[in-house]
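Okay, here's what each chain looks like letter by letter:
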Amino acid sequence: MSAQDQIKKTVTENEVVLFMKGTKDMPQCGFSSRVAGVLNFMGIDYADVNVLADADIRQGIKDYSDWPTIPQLYVKGEFVGGCDIITEMMLSGELDQLFETKGVTYNKEAADQIRAANA
């Protein structure tokens, strides 16, 4: 299976997917750590794909999304963004709205705590 086919299968078969450096339990860069930390704290059930484990996936995800950086978050097959976008969406409440619209379960109180801590 090609990297593009693997990526497409992963983003369509999982509600939420984070392509990242490392894993959700052991991120290998600060940007991946920030996004995984937000998702973990919010109680999001998500698949993590360690792009460091496969060079074809690492380049393939950049080509797939036409986005040059990692991490990359997908919700219900749709590319949402990277670290800066996810951080902004978290702080503005847009990430909550996206999860609600897409029917993704998350901890609203935890999301509010993140915003309060960063106010």
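Refer to the structure printed above.
Residues numbered from 1 in each chain as written. Predicted model: local features only at pLDDT ≥ 70, side-chain atom pairs only at ≥ 80, totals over all residues. Heavy atoms only, no water.

1. So, helix α1 (residues 3-13)
The α-helix winds at 3.6 residues per turn, so residues separated by three or four positions along the chain end up facing the same way. Applicable threshold: Remark: exposure states derive from per-residue accessible area (1.4 Å probe, protein chains only) relative to the maximum for the residue type, with buried under 20%, exposed over 50%, and partly exposed in between. Strands are runs of DSSP state E lasting at least 2 residues, helices are runs of H or I lasting at least 4, and numbering of each runs from the N terminus. Here, the arc refers to the directions that run from the helix axis to the C-beta atoms. By the convention used here, residues are in contact when the closest approach between their heavy atoms is within 4.5 Å.
Taken together, the buried positions of α1 are occupied by Ala 3, Ile 7 and Val 11. Seen along its axis, α1 keeps its buried residues to an arc of 60°; they face one direction. In this structure, α1 carries Thr 12 and Glu 13 as exposed residues pointing more than 90 degrees from its buried face. Contact partners of the buried residues in α1: β1 (16-20), α3 (55-65) and β3 (72-75).

2. A short note on the sheet that holds strand β4 (residues 78-81)
Quick reminder of the rule: DSSP bridges decide pairing: two strands pair if at least two such bridges lie between them. For helices, the axis comes from a line fit to the C-alpha atoms of the stretch in contact; other axes are also lines fit to C-alpha atoms, and the angle between any two N-to-C directions lies between 0 and 180 degrees.
Strand order in the open sheet formed by 4 strands is β2-β1-β3-β4, with mixed pairing between adjacent strands. Each edge of the sheet is formed by a strand with only one pairing partner; in this case those strands are β2 (47-50) and β4. Across this sheet, the average inter-strand angle for adjacent strands is 25°, counted without regard to direction. Sheet topology places β1 next to β3; 4 bridges connect them, and they run antiparallel. Bridge pairing in β3 places Val 17 opposite Tyr 74. Along the sheet, helix α2 (residues 30-41) contacts β1 and β3; its crossing angle with β1, the most-contacted strand, is approximately 160°. The strands touched by helix α4 (residues 83-92) are β3 and β4; relative to β4, the strand with the most contacts, the crossing angle is about 80°.

3. Section: the pairing of β4
By the bridge criterion, 3 bridges tie β3 to β4 in an arrangement that is antiparallel. The partner of Leu 73 across the bridge, within β4, is Gly 81. Remark: 2 residues form the turn of the hairpin made by β3 and β4, two consecutive strands paired antiparallel; Lys 76 in that turn has positive phi of roughly 50°.

4. Some words on the packing of α4 against helix α5 (residues 94-102)
Heads up, the condition is: For classification purposes, angles smaller than 35 degrees are called roughly parallel, those larger than 145 roughly antiparallel, those between 65 and 115 roughly perpendicular, and all remaining angles oblique. Lys, Arg, Asp and Glu make up the charged group, whereas Ala, Val, Leu, Ile, Met, Phe, Trp, Tyr, Cys and Pro make up the nonpolar group; the residues left over, Gly among them, are polar.
Packing of α4 against α5 brings their axes to within 5 Å, and their N-to-C directions diverge by 90°. In this view, α4 runs roughly perpendicular relative to α5, as classed from their interaxial angle. Between α4, through Ile 86, Met 89, Met 90 and Ser 92, and α5, the contact on the second element is made entirely by Glu 94, Leu 95, Asp 96 and Leu 98. Its residues placed into classes, the contact of α4 with α5 shows 5 nonpolar, 1 polar and 2 charged.

5. A look at the side chain of Ser 32
Relative to the helices and strands, Ser 32 is located in helix α2. Here Ser 32 falls in the buried class, since its relative accessible area comes to 0%. What Ser 32 contacts, discounting residues up to four positions off in sequence, is Met 20, Lys 21, Pro 27 and Pro 71.

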